[in-house]
Amino acid sequence: MAITVQPTKQVEPKKKRRVVVTGLGVVSPLGHDPDEFYTNLLNGINGVSHIETFYWKKTHRIAGEIKNFTADDWVSPKISKRADKFMLYLLTAGKKALVDGGITKQVMFEFDKNKCGVVIGSAHGGMKGWMGPNYSISTACATSNFCIVNAANHFIKGETDLMLCGGSDAAIIPIGNCNENLSYGTKFAFSYLIIPKLQFPPFYCLPFCAISNYEYNTGLGGYIACRALSQRNDDPTKASHPWDMHGDGFVMGEGAGVLLLEELEHAKRRGANIYAEFLRGSFTNDAYHITKSHPDGTGIVLCMKKALAESGVAREDVNYINAHATSTPSADLNEYQAIVRVFGENTKLRMNSTKSMIGHLLGAAGAVEAVATVKAIKTGWIHPNINLEFPGEGL
């Protein structure tokens, strides 16, 4: 016989944990300090130039290459001699994010190490003494966004109070191959983040990244074989021009971006400087093609709608998008059309592509562009989208 059962105790729902950004670290073609980096972006300075690291006879000789970098004072000489550049970029950006967030050795000693973690793409994935979630994610160009969203989810589940997250890449090397016949797994996926100001009125921003997973080695040679890179060797500063009708492929870049995320009340208790609040992010996959998004923008539209729904943000309240826009004509157009489908004719909405000045930083792109987005929120200024002289058809 069925009987009714009533709970003996009313369970109070857990208070939603809020996640904020309290530290920034960056290594990029336009500077290795967030303020310097963003000032150069605001001034429209171009970080794309001829490659100087090695002599290259091939058709592609341009990149968003970091010219002057030293890990001195951030990484020990022993590690500096042995580590790859992407590791040095990451360690430097990560430590700078800690310093920017006011996390000294003394402050770190006071934290619960079980609730401090690291989610970094294409790199270190761990911090000595931090015993919370520590792992690495590799999802091609969306690596950093995946890391940031996954790091934030650990806060929501009550597992962490402090997380370093982001990505690093240094693939400007003269090797690589591309073999689409060996492709497997994810076809084309998308990631959007929602990052607003804490104060009213809200200033909602969406840093965006897209990925396509296929088997490749990420040197310049691989992307040349895939015919994915710009051939504008005679004028490097004009090579990366998202949404322009003369776009002929992306420009490789390198660098690292790291965000220090923190639980809001934890940040308040220690008097941390709060840059912005992270609301939610989303992942989707349109399962259409190895390297192309669906012509209808199905996956992009779904991803943005999910991010908005999960964060509780109305589409008309979003007034800035830092787009993926790599200077690849078909992909740029698909993304633009998808954004129009989601946000409609919103005259307050502004959009740009950081890649127009630094190229495509691959696994580091999402994090470096997230730093730019946070700086836009903090300063109230958005950087120009350079090299857009003749909008492509359909824009």
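Residues numbered from 1 in each chain as written. Predicted model: local features only at pLDDT ≥ 70, side-chain atom pairs only at ≥ 80, totals over all residues. Heavy atoms only, no water.

Within an unreviewed UniProt entry, the label attached to the protein chain reads beta-ketoacyl-[acyl-carrier-protein] synthase I, and the organism entered is Penstemon davidsonii. As stated in UniProt under Sequence similarities (unreviewed entry), the record for the protein chain gives "Belongs to the thiolase-like superfamily. Beta-ketoacyl-ACP synthases family." (UniProt positions renumbered as here; feature names shortened; annotations may be inferred.)

**Student:** Mind laying out the overall build of the protein chain, listing which residues take part and the relevant values?
**Tutor:** For the protein chain, the helix and strand inventory stands at 11 helices and 13 strands. In the protein chain, buried positions account for 55% of the 395 residues. Taking the intrachain contacts of the protein chain between residues at least 6 apart in sequence as the baseline, contacts between residues at least 24 apart amount to 76%. (Helix = DSSP H or I, 4+ residues; strand = E, 2+ residues; numbered from the N terminus. Buried < 20%, exposed > 50% of the residue type's maximum accessible area, 1.4 Å probe, protein only. Contact = heavy atoms within 4.5 Å.)

**Student:** Explain helix 8 (residues 298-311) to me, using residue names and the numbers behind them.
**Tutor:** The α-helix winds at 3.6 residues per turn, so residues separated by three or four positions along the chain end up facing the same way. Compared with the 20 Å implied by 1.5 Å per residue over 14 residues, the 20 Å span of helix 8 between its first and last C-alpha is a close match. Gly299, Ile300, Val301, Cys303, Met304, Ala307, Leu308 and Ser311 are the residues of helix 8 that are buried. Taken from the residues just after helix 8, Gly312 is the one with a positive phi, measuring 75°. (Expected span 1.5 Å × (residues − 1).)

**Student:** Run through the pattern of salt bridges, naming residues and quoting values.
**Tutor:** Taken as a whole and judged by the stated rule, the model has 11 salt bridges. For Lys268, the salt bridge is made with Glu265, and the minimal N-O distance between the two is 3.9 Å. Here Lys268 pairs with Glu265, and both are found in helix 7 (residues 264-269), just 3 residues apart, close to one helical turn. On the accessibility criterion, Glu265 (32% relative accessible area) is partly exposed. A salt bridge links Glu369 to Lys355, with the shortest nitrogen-to-oxygen separation between them at 2.9 Å. Placement of Glu369 in helix 11 (residues 365-379) and of Lys355 in helix 10 (residues 355-358) is noted, with a sequence separation of 14 residues between them. As far as burial versus exposure is concerned, Glu369 and Lys355 are alike and both buried. Each of the salt bridges in this network shares a partner with another, and the network as a whole consists of Glu52, Glu65 and Lys67. (Salt bridge = Lys/Arg side-chain N within 4 Å of Asp/Glu carboxyl O.)

**Student:** Can you explain helix 3 (residues 85-100)? Please cite residues and give values.
**Tutor:** Taking 1.5 Å as the rise per residue, helix 3 with 16 residues should run 22 Å; its terminal C-alpha atoms sit 22 Å apart, in good agreement. Considered for burial, the residues of helix 3 that qualify are Leu88, Tyr89, Leu90, Leu91, Thr92, Ala93, Gly94, Lys96, Ala97 and Leu98. In this structure, the buried residues of helix 3 make contact with strand 1 (19-27), helix 2 (77-82), helix 4 (105-109), strand 4 (116-121), strand 6 (162-169) and strand 9 (255-263). Of the residues flanking the start of helix 3, the one acting as N-cap is Asp84, its side-chain oxygen 3.1 Å from the backbone nitrogen of Phe86. (Polar contact = N/O pair within 3.5 Å; in protein donor to acceptor, adjacent residues only side chain to side chain.)

**Student:** Provide a residue-level description of the pairing of strand 9, including the pertinent values.
**Tutor:** Along strand 9, 9 of the 9 residues are buried, which leaves the element largely enclosed by surrounding structure. As paired elements, strand 6 and strand 9 share 8 bridges and run antiparallel to each other. The residue bridging Gly167 from the neighbouring strand is Gly257, located in strand 9. (Pairing = 2+ DSSP bridges.)

**Student:** I'd love a proper account of the sheet that holds strand 5 (residues 134-135), names of residues and values included.
**Tutor:** What the 6 strands build is an open sheet, ordered 5-4-6-9-1-10; its pairing is mixed. Looking at the sheet topology across the chains shown, the edges are occupied by strand 5 and strand 10 (276-278). Direction of pairing for strand 1 relative to strand 10: antiparallel, over a ladder of 3 bridges. Bridging from a neighbouring strand, Val19 pairs with Phe278 of strand 10. Set on the sheet, helix 3 makes contact with strand 1, strand 4, strand 6 and strand 9; between it and strand 1 the angle comes to about 135°. (Axes fitted to C-alpha atoms, helices over the stretch in contact; angles between N-to-C directions.)

**Student:** Report on the packing of helix 1 (residues 34-42) against helix 11, specifying residues and quantitative values.
**Tutor:** Packing of helix 1 against helix 11 leaves a shortest axis separation of 10 Å and a crossing angle of 80°. When the axis of helix 1 is compared with that of helix 11, the two are roughly perpendicular. Listed contacts from helix 11 to Pro34, Asp35, Phe37, Tyr38 and Leu41 of helix 1 are Val368, Val371, Ala372, Lys375, Ala376 and Thr379. (Parallel < 35°, antiparallel > 145°, perpendicular 65-115°, else oblique.)

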